[in-house]
Amino acid sequence: MSDHTLLSVQGVHKWLGHNHVLRGVDLTVDRGQVLCILGPSGSGKTTLLRCMNHLETIDAGTIELDGALIGYEKRGTRLIELAPTDVARQRQRIGMVFQQFNLFPHLTALENVMVGPTRVRRMATAEAREAAAELLSRVGLADRVDARPRQLSGGQQQRVAIARALAMDPELILFDEPTSALDPELVGDVLTTMKKLAEDGMTMVVVTHEVKFAEEVADVAVIMDRGVIVESGPAGAVLGAPRHPRTAKFLGHLQLDDATGGHDA
Amino acid sequence: MQAQPHNPEATIPHVVRAESVEEPGEPPRIRAYQRRAWLSRVLSTLVAVVAAASTVWILTNPNLRWSVVWDYLFSPTILAGLVATLELSIISMIIGIVLGVLFALAGRSRYLALRSIAGFYVWLFRGVPLLVQLLFWYNVGILIPGINFYLPFTDQSHYVSANAVISGFTAAILGLGLNEGAYMTEIVRAGIISVPRGQLDAALSIGFTPARAMRTMILPQTVRVIIPPTGNEFIGMVKSSALVAVIGGGDLLYKAQIIYGQNFEVIPLLLVVSIWYLVITSLATLGQGFIERRLAGDEARRTIRWSIARGIR
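Being a predicted model, the structure only gives us computed values, none of them experimental.

1. Re the overall build of chain B
Phase 1: When its secondary structure is counted, chain B shows 15 helices and two strands.
Phase 2: The burial tally for chain B puts 27% of its 313 residues in the buried class.
Phase 3: For chain B, long-range pairs separated by at least 24 residues make up 72% of all intrachain contacts whose partners lie at least 6 apart in sequence.

Pasting the structure below:
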């Protein structure tokens with residue numbers, strides 16, 4: 001593990017009932033890197049991502065952020081789950097953006113962004129309001145601060161969700177298929193916002209089906225299938241000239257989809 | 001949802017304006033009528049006649065003895081019963097709501113023991129008839145005659161006998177409250193289920209603990225779902241509190257029974273009781289409608305905004 005490694009996943013296994021969804025996953029993400037996880041549905045990508053901020057428990061292996069175990073502490077040879085308050089403190093350092101946005105429907109865009117800083121960080125309201133307004137203008141929504149989620153398009157909601165994650169000033173942001181629930185014409189705005197984040201040096205792990213986005217923005221691409229990583233490496237190499245037959249097959253399917261009704265990243 | 005702009009021409013088809021009919025290219029305006037409009041009128045007339053006849057019959061029937069009804073409607077005994085019924089209903093409802101929230105949360109605990117207790121509670125108190133439960137609480141003194149309280153590090157002890165604590169009224173509150181709690185548990189549970197799972201994920205992901213996420217982000221969102229059935233429960237509670245008469249709970253029906261046990265004016269006193277129940281349930285229905293309009297839409301929002309504004313945890 002090098003000095004600039006931020007996230008390190010080692011030998012992670014997870015069972016859901018009798019289903020062995022993660023079967024020994026290893027990966028590392030350096031500070032400032034963008035890592036894209038691609039793979040067919042049911043390959044365990046989303047589960048892996050949710051393990052990274054302990055929204056899901058793991059059954060074996062370790063996940064470390066900056067050298068500290070996420071969700072567990074080591075006692076002898078065993079990993080014991082941390083208390084909820086400790087897990088919550090760790091999650092403050094890890095932002096997350098969801099496929100279904102998951103904005104709080106009873107709060108305005110501004111309040112959605114403020115709620116973390118004011119209620120978790122106990123930041124003063126005026127200060128939080130100012131910071132939230134600035135974040136919303138950074139994602140291009142300066143004119144929609146007082147809108148409720150249901151008054152916003154999917155793309156706008158997802159950008160509010162990105163601002164909400166940024167408001168906690170995280171070291172890492174996890175994106176769970178952030179554009180999969182969007183109408184094709186709205187995907188571009190969200191991907192542009194994410195690309196800007198990447199350029200600003202944010203460390204990001206992105207589960208996505210957007211091959212073009214991955215090629216363009218990701219430093220590292222990882223292909224998962226049936227709970228294991230089948231191929232990983234520099235995004236250009238993995239996605240441009242896949243070595244593993246399953247990767248080639250999977251990418252072939254995606255490009256077929258792109259040709260029939262895709263959209264620009 | 002946004003209000004439709006009021007357009008009289010669109011909503012009232014039979015307002016025909018000559019110039020719009022003349023408009024070229026526009027289809028002629030055709031008046032539309034309700035199907036079997038005549039039948040509707042006939043039925044309305046029939047119902048009105050029957051209602052009027054019944055009212056006259058009720059008001060003039062000497063066996064109903066309206067003068068007796070009037071004598072007792074505001075008698076101190078009946079009013080005391082009315083107050084007792086209101087107290088029973090309100091206190092038991094509050095107990096029921098508190099228990100409902102607690103057991104609904106326990107039912108979602110990650111500890112199997114708590115989930116089991118919640119399941120057992122609902123199963124037991126929803127499964128045994130309320131009347132039977134009330135009789136049990138009233139006779140709890142047979143089961144547990146009393147409890148000795150020992151003062152620690154001394155020889156002194158204080159004996160509390162169950163019969164001293166469990167009066168008809170306290171037995172009634174225990175019975176009604178615990179029974180109501182079982183139903184409220186299910187209502188609160190339904191409210192929590194109605195909030196998408198992603199809301200909890202989102203709250204956890206920005207650093208809320210599970211308990212605070214539930215309390216400050218999820219439960220406020222359940223209010224709009226929980227209020228209508230809770231109003232129904234309260235109206236049901238007012239009426240089921242009459243069962244308390246069996247264990248001498250001092251409620252409205254019990255007081256009426258005492259009076260007609262002495263003067264045998266059974267029907268007039270039951271009328272008095274019915275009138276008061278209708279008054280309470282009507283007021284409760286109005287109140288429920290008011291709360292729903294007032295709170296259901298924005299309560300969750302107001303709660304959270306209030307606390308954001310003050311930076312309260």
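2. Examining the overall build of chain A
Phase 1: Broken down by element type, chain A carries nine helices and twelve strands.
Phase 2: Expected size for 265 residues packed as a compact globule is a radius of gyration near 18 Å; at 18 Å, chain A falls within 12% of this value.
Phase 3: Based on the C-alpha atoms only, the size of chain A along its principal axes is roughly 55 × 50 × 35 Å.
Phase 4: With 265 residues in all, chain A has 50% of them scored as buried.
Phase 5: For chain A, restricting intrachain contacts to residue pairs at least 6 apart in sequence, the fraction spanning at least 24 positions comes to 64%.

3. Quick notes on the interface of chain B and chain A
Phase 1: Of the residues lining the interface, 23 residues belong to chain B; the matching set on chain A comes to 26 residues.
Phase 2: Within the residue set of the side of chain B that touches chain A, elements represented by two or more residues are α11 (197–205), α12 (210–240) and α15 (299–310) of chain B.
Phase 3: Of the residues that constitute the side of chain B that touches chain A, the class distribution is eleven nonpolar, eight polar and four charged.

4. Comments concerning helix α6 (residues 112–127) of chain B
An α-helical turn contains 3.6 residues, so a residue and the one three or four places further along point in the same direction.
Residues and elements named next belong to chain B.
Phase 1: The first and last C-alpha atoms of α6 sit 22 Å apart over 16 residues, in line with the 22 Å expected at 1.5 Å per residue.
Phase 2: By the burial criterion, the buried members of α6 are Ala118, Val122 and Phe125. Down the axis of α6, the sector holding all buried residues measures 90°, keeping them to one side. The exposed set on the far side of α6, more than 90 degrees from its buried face, consists of Leu112, Ala113, Phe120, Trp123 and Gly127.
Phase 3: Those residues of α6 that are buried are in contact with α5 (76–106) and α10 (168–194).

5. A look at the sheet that holds strand β1 (residues 5–16) of chain A
Consider a sheet: its strands pair through backbone hydrogen bonds, and that pairing is either parallel or antiparallel.
Residues and elements named next belong to chain A.
Phase 1: As summarised here, the arrangement of the four strands in space is β2-β1-β4-β5, forming an open sheet in which the pairing is antiparallel. Strands with a single pairing partner mark the edges of an open sheet, and in this sheet they are β2 (19–30) and β5 (68–69).
Phase 2: Relative to β5, strand β4 (residues 60–65) runs antiparallel, the two being bridged by two bridges. Bridged to Glu64 within β5 is Leu69.

6. Notes on the pairing of strand β1 (residues 146–150) of chain B
All names here are of chain B.
Phase 1: Counting buried residues along β1, only zero of its five residues qualify, which leaves the element largely exposed.
Phase 2: Bridge analysis of β1 against strand β2 (residues 157–161) gives five bridges, and the strand direction is antiparallel. By the bridge assignment, Asn148 is partnered in β2 with Tyr159.
Phase 3: Here β1 folds back onto β2, and the loop between the two strands holds six residues, one of which, Phe153, carries a positive phi near 65°.

7. Observations regarding the sheet that holds strand β10 (residues 203–207) of chain A
Residue and element names in this part refer to chain A.
Phase 1: Taken together, six strands build an open sheet; the order of strands is β8-β9-β10-β3-β11-β12 and the sheet is mixed. Single-partner strands in this sheet number two, and they are β8 (94–97) and β12 (228–234). Between one strand axis and the next, the sheet turns by 15° as a mean value, whatever way the strands run.

8. Thoughts on the confidence of the model for chain B
All names here are of chain B.
Phase 1: In the predicted model, chain B carries a mean pLDDT of 85, and the fraction of residues at 70 or more is 84%.
Phase 2: Within chain B, α6 carries the highest mean pLDDT (97), whereas helix α1 (residues 8–11) carries the lowest (48).
Phase 3: Across residues 1–5, confidence stays below pLDDT 50; counting only partners more than four residues off in sequence or on other chains, it has zero contacts.
Phase 4: This model gives residues 7–12 a pLDDT under 50, and the stretch forms two contacts once residues within four places in sequence are excluded.
Phase 5: Both scores are available for the predicted complex, with the pTM at 0.79 and the ipTM at 0.91.

9. What to know about the packing of helix α7 (residues 130–138) of chain B against α10 of chain B
Residues and elements named next belong to chain B.
Phase 1: The interhelical angle for the contact between α7 and α10, taken along N-to-C directions, is 140°, at an axis separation of 8 Å. It follows from the interaxial angle that α7 and α10 lie oblique. Our pair here, α7 against α10, has a crossing hand that is right-handed. The residues of α10 that touch α7, namely those facing Leu130, Gln133, Leu134, Trp137 and Tyr138, are Gly168, Ala171, Ala172, Leu174, Gly175 and Asn179.
Phase 2: Looking at the contact of α7 with α10 residue by residue, the classes come out as seven nonpolar, four polar and no charged.

Rules used throughout
Residues numbered from 1 in each chain as written. Chains lettered and ligands numbered in written order. Predicted model: local features only at pLDDT ≥ 70, side-chain atom pairs only at ≥ 80, totals over all residues. Helix = DSSP H or I, 4+ residues; strand = E, 2+ residues; numbered from the N terminus. Buried ≥ 20, exposed ≤ 12 C-beta atoms within 10 Å, placed from the backbone. Contact = placed C-beta atoms within 7 Å. Rg over C-alpha atoms; globule rule 2.2 N^0.38 Å. Nonpolar A, V, L, I, M, F, W, Y, C, P; charged D, E, K, R; others polar. Expected span 1.5 Å × (residues − 1). Arc of directions from axis to C-beta. Pairing = 2+ DSSP bridges. Axes fitted to C-alpha atoms, helices over the stretch in contact; angles between N-to-C directions. pLDDT = per-residue confidence, 0-100. Parallel < 35°, antiparallel > 145°, perpendicular 65-115°, else oblique. Left-handed = near helix turned anticlockwise from the far one by under 90°.

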